[in-house]
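Chain residues, written in single-letter form:
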Amino acid sequence: GAVVSQHPSWVICKSGTSVKIECRSLDFQATTMFWYRQFPKQSLMLMATSNEGSKATYEQGVEKDKFLINHASLTLSTLTVTSAHPEDSSFYICSATNSGVYNEQFFGPGTRLTVL
Amino acid sequence: GQNIDQPTEMTATEGAIVQINCTYQTSGFNGLFWYQQHAGEAPTFLSYNVLDGLEEKGRFSSFLSRSKGYSYLLLKELQMKDSASYLCAVFPNSGYALNFGKGTSLLVTP
């Protein structure tokens, strides 16, 4: 299957700082990328849908000014958590689709964010 | 709206068979996915059903009944490494985002 990478794998930061997470599709062009957040023992919650060259579509309850998404190319999307707070500590996972036969989403390995 | 239900936890014995059920009520339907997720890792694709019936892939099989809004994942010859969370996800008509259930945590015991 297709490969999606995320960087960094884990990050610890102080409250009030900003953190950027990169999501890359390594061997295919991703027309759409998705950002999910997963709290311990809970399922994946979609935060936003990102299409290359256009503004991201955010899910209800997700602050677009706090979670900045940039999808500058067909292989890269970034999520920036601005002014992070302890409640933002979570597992952030991106996925990418190339609008294939059944729109399978390929998941990145995830980024563990801990805000102190 | 979207409503996807699956059991929270299940326990089964190594070598046995286990069935994980998923029921859904969604405003649109364009297929159902099952993913396996180990703790601290990203989900990995297991199966996709869009037509009614059973899809078999090795030790794993997935069944779908669209009229009943029901699917199950069947795991045979359970191994210890199968201990993980199993996520049911529906692909709706509109847009491309998957809607995930809360996941079923499966524990395989010796």
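Scroll up for the structure.
First things first, this report covers the structure right here in the doc. Please read all numbers here as calculations on a predicted model, not as lab measurements.

Each value, and the rule that gives it
- Residues numbered from 1 in each chain as written.
- Chains lettered and ligands numbered in written order.
- Predicted model: local features only at pLDDT ≥ 70, side-chain atom pairs only at ≥ 80, totals over all residues.
- Heavy atoms only, no water.
- Contact = heavy atoms within 4.5 Å.
- Buried area = accessible area lost by both parts, 1.4 Å probe.
- Salt bridge = Lys/Arg side-chain N within 4 Å of Asp/Glu carboxyl O.
- Polar contact = N/O pair within 3.5 Å; in protein donor to acceptor, adjacent residues only side chain to side chain.
- Helix = DSSP H or I, 4+ residues; strand = E, 2+ residues; numbered from the N terminus.
- Nonpolar A, V, L, I, M, F, W, Y, C, P; charged D, E, K, R; others polar.
- Phe/Tyr/Trp six-rings, centres within 6.5 Å; stacked < 30°, edge-to-face > 60°.
- Buried < 20%, exposed > 50% of the residue type's maximum accessible area, 1.4 Å probe, protein only.

Overview of the interface of chain B and chain A
- Each partner contributes to the interface: chain B provides 18 residues, whereas chain A provides 19 residues.
- Buried surface at the junction of chain B and chain A, both sides included, amounts to about 1,400 Å², of which 64% is carbon and sulfur.
- There are zero salt bridges connecting chain B and chain A.
- Across the chain B-chain A interface, the total number found is three residue pairs in polar contact (both at pLDDT 80 or more).
- In terms of residues, the side of chain B that touches chain A owes the most to one element, strand 4 (residues 32–37) of chain B, which gives three residues.
- Taken together, the residues of the side of chain B that touches chain A sort by class into 12 nonpolar, four polar and two charged.

Describing the packing of aromatic side chains
- This structure, assessed with the given rule, holds 15 aromatic pairs over all chains.
- Note on F33 of chain B and F45 of chain B: the rings are 6.1 Å apart at their centroids and 70 degrees apart in plane angle, and the pair reads as edge-to-face. Of the two residues, F33 of chain B is situated in strand 4 and F45 of chain B in strand 5 (residues 44–49); the sequence distance between them amounts to 12 residues.
- Linked through ring pairs, F34, Y36 and F107 of chain A together with F33, Y35, F45, Y48 and F100 of chain B together constitute an aromatic cluster.

A closer look at unusual backbone geometry
- Here the residue pair H7 of chain A and P8 of chain A is connected by a cis peptide bond, since its omega of 0 degrees sits within 30 degrees of zero.
- Checked against the element boundaries, P8 of chain A lands in the loop between strand 1 (4–7) and strand 2 (10–13).
- Although it is not a glycine, S83 of chain A adopts a positive phi angle of roughly 45 degrees.
- Note that S83 of chain A resides in the loop between strand 8 (76–81) and strand 9 (90–97).
- Under the relative-accessibility criterion, S83 of chain A is labelled partly exposed at 33%.
- In this structure, E77 of chain B is a non-glycine residue whose phi angle is positive, near 45 degrees.
- Taking the relative accessible area as the measure of exposure, E77 of chain B reaches 55% and is therefore exposed.

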